[in-house]
Amino acid sequence: MKTNISLPLGLPEFIILKQTIQETRILLEVETIEPPNRCIHCGFSNLKRHDKRLRRVRDMNLFHKHLHLLIHVKRWRCQNCKEVFSEPLSSVPSGSHQTYRLQEHIFEQCRDTTISYVSRQLAMSYKTIERIYYKMAKNEIQDKQTSGVVGIDEIAVRKGHRYETVVTDIIKGNVHEMGADRDYQSALEILERLEDRGLKTLVMDMWWPFHKAAKQLYPDIPIVIDKYHVVQKVNHAFDQVRKAHNAQIKGLKKGRFALLKRPFRLTEKQLEEYHEESPEIAHAYYLKEWFYDLYEQSTYEEAEAFLNTWIEQAKMSPFSAFHEYTKTLDTWKIHIL
Ligand SMILES: [Zn+2]
């Protein structure tokens, strides 16, 4: 059968070069429209056409006929690292003999019917269908299983730009959900999707919109404030004191940098020097370092007593940055401990 009408393939990365329609099957020769942007090895964008390979894959049935794609896969040579690579395809997994959408179709069909039925429908071997089904089922379970300890955080999409909300499994380290914003509504929407994931603990920053959404949806799930954020804020308070008194420690050349980051700790001698040059910075440094011991306390009662003492001392200090932080701690205390 000859025709000038291009079949509706529905895979926008390809154009059809040639179509052969037979009794029970359709053979489409296709190639990609766009060249790859970058070398898959080094990311360089100056590429030269190398050669072409033919790759045959199965796709979803079309008009009740079995659809075979003969892909003219272009190979490119990177002008930077000189490696040759086949163009990556967005509709076919690398190394696979089926398109993504056919694999998904097989998975859904197997759940609704049987493996042998799907095998007959597609004229593919029972073994192949079975292998695809189990591979997809395993992926799906892995995506959904959680350790129950789930963190909700904000991330800057680009430095200094928009913020998004991201939900991760703290123990397993994978991302569950992403939200477009970091407001209450966005938090509510993505936390709602965690409903059947065996939630046990929610870990988050001291951020009211997240907190409010979590309390509303899961009033019985404990909320824990991420240690990272708690410590980050005490570092920030210290930094403000340091900046305000920076002029005092000009004489201590190396020491200025030594103060900036842990795990570097000042030696006793250095601390003495600081104390002479700037008693304020030394005082703030002491408060900051002392705070880390919060996470060394072994019982809830000890930690609570520790935090109360620290808050008292920080309030008595002359630093407004620390005063501010004690207010935050008072508010969030029950979730930090
Ligand atoms: Zn390269």
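Predicted, not measured: the structure shown is a model, and the values here were computed from it. Per chain, residue numbering runs from 1 following the sequence as it is written. Restriction of local features to residues with pLDDT of at least 70 applies here, the model being predicted, together with a cutoff of 80 or more for giving and counting side-chain atom pairs; totals for whole chains, interfaces and linings are based on all residues. Just so you know, side-chain values use all the structure's heavy atoms and leave hydrogens and water out.

## Structural notes on the coordination of the zinc ion
When a metal carries six donors in an octahedron, the ideal angles between them are 90 or 180 degrees, while four donors in a tetrahedron ideally lie at 109.5 degrees. What counts is decided by this rule: For Na, K and Ca the donor cut-off is 3.2 Å; for every other metal, N, O and S atoms count as donors within 2.8 Å. Water does not enter the count, which can leave sites looking incomplete. Square planar and octahedral sites, with four and six donors, are those where opposite donors lie more than 155 degrees apart and all other angles lie between 65 and 115, tetrahedral sites have four donors with every angle between 85 and 135 degrees, and the rest are irregular. Note on exposure labels: buried denotes an accessible area under 20% of the residue type's maximum, exposed denotes more than 50%, and partly exposed covers the range between, all computed with a 1.4 Å probe on protein chains only.
Summarising the metal site, the zinc ion is bound by the protein donors Cys39 (SG), Cys42 (SG), Cys78 (SG) and Cys81 (SG), whose distances to it range over 2.3 Å. Around the zinc ion sit four donor atoms, and with donor-metal-donor angles ranging over 103 to 116° the site reads as tetrahedral. Here Cys42 falls in the partly exposed class, since its relative accessible area comes to 36%.

## Observations concerning the packing of helix α8 (residues 268-277) against helix α9 (residues 279-292)
Relative placement of two packed helices is described by the angle separating their axes and the distance separating the axes. Worth spelling out the cut-off: To obtain each axis, a line is fitted to C-alpha atoms, and for helices this fit is confined to the stretch in contact; angles are then taken between N-to-C directions over 0 to 180 degrees. Helix and strand labels come from DSSP, where a helix needs a run of H or I of at least four residues and a strand needs a run of E of at least two; each type is numbered from the N terminus. Working definition: roughly parallel below 35 degrees, roughly antiparallel above 145 degrees, roughly perpendicular at 65 to 115 degrees, and oblique for all remaining angles. We call two residues contacting when some pair of their heavy atoms lies within 4.5 Å. By the convention adopted, Pro, Cys, Tyr, Trp, Phe, Met, Ile, Leu, Val and Ala count as nonpolar, Lys, Arg, Asp and Glu as charged, and the other residues, Gly among them, as polar.
It is at 5 Å that the axes of α8 and α9 come closest, and there the two elements cross at 135°. Here α8 lies oblique to α9, going by the angle between them. Every residue of α9 that contacts α8 at Leu271, Tyr274, His275, Glu276 and Glu277 is listed here: Pro279, Ile281, Ala282 and Tyr285. Looking at side-chain class alone, the contact of α8 with α9 contains six nonpolar, one polar and two charged residues.

## Digging into the pairing of strand β3 (residues 47-62)
Cut-off, in case you're wondering: Being paired, for any two strands, means DSSP has found at least two bridges between them.
As paired elements, β3 and strand β4 (residues 65-78) share 13 bridges and run antiparallel to each other. When the sheet's bridge partners are listed, Asp59 is paired in β4 with Leu67. Count of turn residues in the β3/β4 antiparallel hairpin: two residues, of which Phe63 carries a positive phi of about 50°.

## Let's talk about a negative patch on the surface
Stated precisely, the cut-off is as follows: In this analysis, a patch consists of residues with relative accessible area above 30% that form no salt bridge, clustered at 9 Å for like charges and at 5 Å for the nonpolar side chains Val, Leu, Ile, Met, Phe, Trp and Tyr. Accessible surface is estimated by sampling points in the Shrake-Rupley manner with a 1.4 Å probe; for residues, cover comes only from the protein chains shown. Note on definitions: salt bridges are taken to be side-chain nitrogens of Lys or Arg within 4 Å of carboxyl oxygens of Asp or Glu. For the purpose of charge, His is not counted, nor are the chain termini; Lys and Arg are scored as positive and Asp and Glu as negative. Lys charges are placed at NZ, Arg charges at CZ, Asp charges at CG and Glu charges at CD.
Where like charges cluster on the molecular surface, the negative patch consists of Asp181, Asp183, Glu189, Glu192, Glu195 and Asp196. Tracing the backbone through its elements, the reader meets Asp183 in the loop between β8 (175-179) and α4 (184-192).

## Comments concerning the pattern of salt bridges
Tallied over the full model, the rule gives eight salt bridges. The residue Arg242 makes a salt bridge to Asp239 at a minimum N-O spacing of 3.4 Å. With Arg242 and Asp239 both in helix α6 (residues 227-244) and three residues apart, the pair spans about one turn of that helix.

## Re the pairing of β4
Of all 14 residues that make up β4, twelve are buried, and the element is covered over most of its length. Bridge count between strand β2 (residues 25-32) and β4: six bridges; the pairing is parallel. Its bridge partner being in β4, Leu27 is matched across the sheet by His68. Bridge count for β4 against strand β5 (residues 84-86) is three bridges, and the pairing is antiparallel.

## Regarding unusual backbone geometry
In the Ramachandran plot, His64 falls in the positive-phi region, its phi being about 60° despite a non-glycine side chain. Turning to its location among the elements, His64 is positioned in the loop between β3 and β4. Overall, His64 belongs to the exposed group, its relative accessible area being 81%. In this model, Ala123 sits at a positive phi of 55°, which is unusual for a non-glycine residue. Tracing the sequence through the fold places Ala123 in the loop between α2 (115-122) and α3 (126-144).

## Examining helix α5 (residues 208-217)
Rules: Working definition: the arc comes from the directions between the helix axis and the C-beta atoms, pointing outward to the latter.
Of all the positions in α5, only Phe210, His211, Ala213 and Ala214 are classed as buried. Seen from one end, α5 has its buried residues packed into an arc of 165°, which puts them on one side. Summarising the geometry of α5, the exposed residues directed more than 90 degrees from the buried face are Trp208, Lys212 and Gln216.

## Describing the nonpolar core
Using the following cut-off: Side-chain atoms within 4.5 Å are what join buried Ala, Val, Leu, Ile, Met, Phe, Trp, Tyr and Cys residues into a set we call a nonpolar core.
The biggest cluster of nonpolar side chains holds 29 residues, and the ones touching the most others in it are Phe291, Trp310, Phe322, Tyr325, Leu329 and Ile336. Elements represented by at least two residues in this core include exactly α6, α9, α10 (300-316) and α11 (320-336). Counting residues per element, this core draws most heavily on α9, which supplies seven residues. In contact with Trp310, not counting residues within four places along its chain, are Val234, Leu287, Trp290, Phe291, Phe322, Tyr325, Thr326 and Leu329.

The quantities given are spatial measurements derived from coordinates; they are silent on function.
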